[in-house]
Amino acid sequence: ETQARKLARENFEKLTELGIKKIITSCPLCYKTLAQDYEEMLPDWNIKVEYILQTISESLQNNLRLIKGTLKESFETKQIAYYDNCYLSRYSNICNEPREILKLLEINFLELKNNKKSTLCTGSCGNLPEYNPDLANQLCKIFIKTMPTTIQELIIADSRDFNLLKETLKETNLNNAPIITDLS
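Residue numbers run consecutively from 1 along every chain, following the written order of its sequence. Only residues with pLDDT of 70 or above have their local features reported here, since the model is predicted, and side-chain atom pairs are shown and tallied only from 80 upward, although totals for entire chains, interfaces and linings are computed over all residues. The side-chain numbers reported here are obtained from all heavy atoms of the structure, hydrogens and water having been left aside.

A. Expanded view of the overall build of the protein chain. Elements are defined by DSSP. Helices are runs of H or I of four residues or more, strands are runs of E of two residues or more, and each kind is numbered from the N terminus. Looking only at helices and strands, the protein chain has 9 helices and 6 strands in total. Seen along its three principal axes, the alpha-carbon backbone of the protein chain occupies a region of about 50 × 45 × 25 Å. Burial classes follow relative accessibility: with a 1.4 Å probe on protein chains only, a residue under 20% of its type's maximum area counts as buried, one over 50% as exposed, and anything between as partly exposed. When each of the 184 residues of the protein chain is scored for burial, the buried share is 41%. Summarising the internal contacts of the protein chain: among those between residues at least 6 apart in sequence, 77% fall at separations of at least 24. Reported accessibility uses the Shrake-Rupley method at a 1.4 Å probe radius. Residues are deemed covered only where the shown protein chains occlude them. Total accessible area computed for the protein chain in this model is approximately 10,800 Å², and 49% of it derives from carbon and sulfur atoms. Contacts are assigned to residue pairs with any non-hydrogen atoms lying within 4.5 Å of each other.

B. Examining the packing of helix α1 (residues 2-17) against helix α2 (residues 28-41) more closely. Contact geometry of α1 with α2 gives a least axis separation of 10 Å together with a crossing angle of 105°. As judged from the angle between their axes, α1 and α2 are roughly perpendicular. Residues Ala4, Arg5, Leu7, Ala8 and Asn11 of α1 lie in contact with α2, whose contacting residues are Tyr38, Glu40 and Met41. Looking at the contact of α1 with α2 residue by residue, the classes come out as 5 nonpolar, 1 polar and 2 charged. Here an angle of 0 to 180 degrees is reported between the N-to-C directions of two axes, which are lines fitted to C-alpha atoms, with helices fitted over the stretch in contact. Working rule for angles: under 35 degrees goes down as roughly parallel, over 145 as roughly antiparallel, 65 to 115 as roughly perpendicular, anything else as oblique. Each residue is assigned to one of three groups, with Ala, Val, Leu, Ile, Met, Phe, Trp, Tyr, Cys and Pro labelled nonpolar, Asp, Glu, Lys and Arg labelled charged, and all others, Gly among them, labelled polar.

C. Here's a closer look at the nonpolar core. Tyr38, Leu42, Trp45 and Tyr51 are the most contacted members of the largest nonpolar core, which totals 28 residues. Those elements giving two or more residues to this core turn out to be α1, α2, β2 (48-51), α3 (52-62), β3 (80-82) and α6 (96-104). Element by element, the count of residues in this core is highest for α2, at 5 residues. Discounting chain neighbours no more than four positions away, the residues touching Trp45 are Phe12, Leu15, Leu34, Tyr38 and Glu39. As used in this record, nonpolar core signifies buried Ala, Val, Leu, Ile, Met, Phe, Trp, Tyr and Cys residues forming a set joined through side-chain atoms within 4.5 Å.

D. Geometry of the pairing of strand β1 (residues 22-25). Every second residue of β1 is oriented toward a common face, the buried set being Ile23 and Thr25 and the non-buried set Lys22 and Ile24. Pairing between strands requires that DSSP locate at least two bridges from one strand to the other. Here β1 runs beside β2; their pairing, made up of 4 bridges, is parallel. Each residue of the ladder has a partner; that of Lys22, found in β2, is Lys48. Look down the strands so they point away from you; if going from the first strand over the helix to the second traces a clockwise path, that crossover is right-handed. For the crossover that starts at β1, traverses α2 and ends in the parallel β2, the hand is right-handed.

E. View of the packing of helix α8 (residues 133-146) against helix α9 (residues 159-172). Relative to each other, α8 and α9 sit at 75°, their axes nearing to 10 Å. Between α8 and α9, the interaxial angle falls into the category roughly perpendicular. Facing α8, whose interface residues are Ala136, Asn137, Cys140, Lys141, Phe143 and Ile144, α9 presents Leu164, Leu165, Thr168, Leu169, Glu171 and Thr172. Grouping the amino acids of the contact of α8 with α9 by side-chain chemistry returns 7 nonpolar, 3 polar and 2 charged.

F. Just the environment of Ile47, in detail. Relative to the helices and strands, Ile47 is located in the loop between α2 and β2. For Ile47, a relative accessible area of 5% translates into the label buried. For the pair Ile47 and Lys22, spaced 25 residues apart in sequence, the C-alpha separation works out to 5.4 Å.

G. Here's a closer look at α3. Of the residues making up α3, those classed as buried are Leu53, Gln54, Thr55, Ser57 and Leu60. Of the surrounding elements, those touching the buried residues of α3 are β1, α2, β2 and α6.

H. Layout of the state of the cysteines. Two cysteine sulfur atoms form a disulfide, by the criterion used here, when they sit within 2.5 Å. Applying the stated criterion across every chain, the model contains 0 disulfides. Looking at Cys95, it has no disulfide partner, and the nearest cysteine sulfur is the one in Cys86, 11 Å off. Cysteine Cys125 is unpaired, with the sulfur of Cys121 as its nearest cysteine sulfur at 3.3 Å. Given a relative accessible area of 26%, Cys125 falls into the partly exposed group.

I. The arrangement of unusual backbone geometry in detail. Within the chain, Lys116 stands out as a residue other than glycine whose phi angle is a positive 50°. Inspection of the secondary structure puts Lys116 in the loop between β4 (110-111) and α7 (128-131). Among the residues examined, Lys116 registers a relative accessible area of 31% and is labelled partly exposed.

Have a look at this one:
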């Protein structure tokens, strides 16, 4: 923990020196680290941290003309589901913003049985694929087995989930495997 505090302090000092007031990240683990862990370790942490989907959701809601048409026709005939990333939903309580974006884009989607704070892990969290690729792969296969077979497209909000799911789906040779789309 001492090393983590030291690194957090060094990062904070460098960011402050550069005049950084706000960080927008597309990495759920980075979001949790910067928005929660750094704030806990550094009482003087004063840099605002947003996950990119929070920024996009707020921008779209405040300026609906940014939406030049909808994607409704592209997705109208598909069974689409949205997957909640563990770090975003369970640890950072970011559940509504991705759904708000999909609704603003007029994309109808199904909720997975295990969603929001009760989401299942895909195995991509905490750099698990780098440290224990076999376990990550097993977790991803379990997640895939729980997905309804009628899902044609799975929308996610993390590039690590995207990469692991694409790789595992390719490896499992599932008939009618869903398309994976990264919203972030």
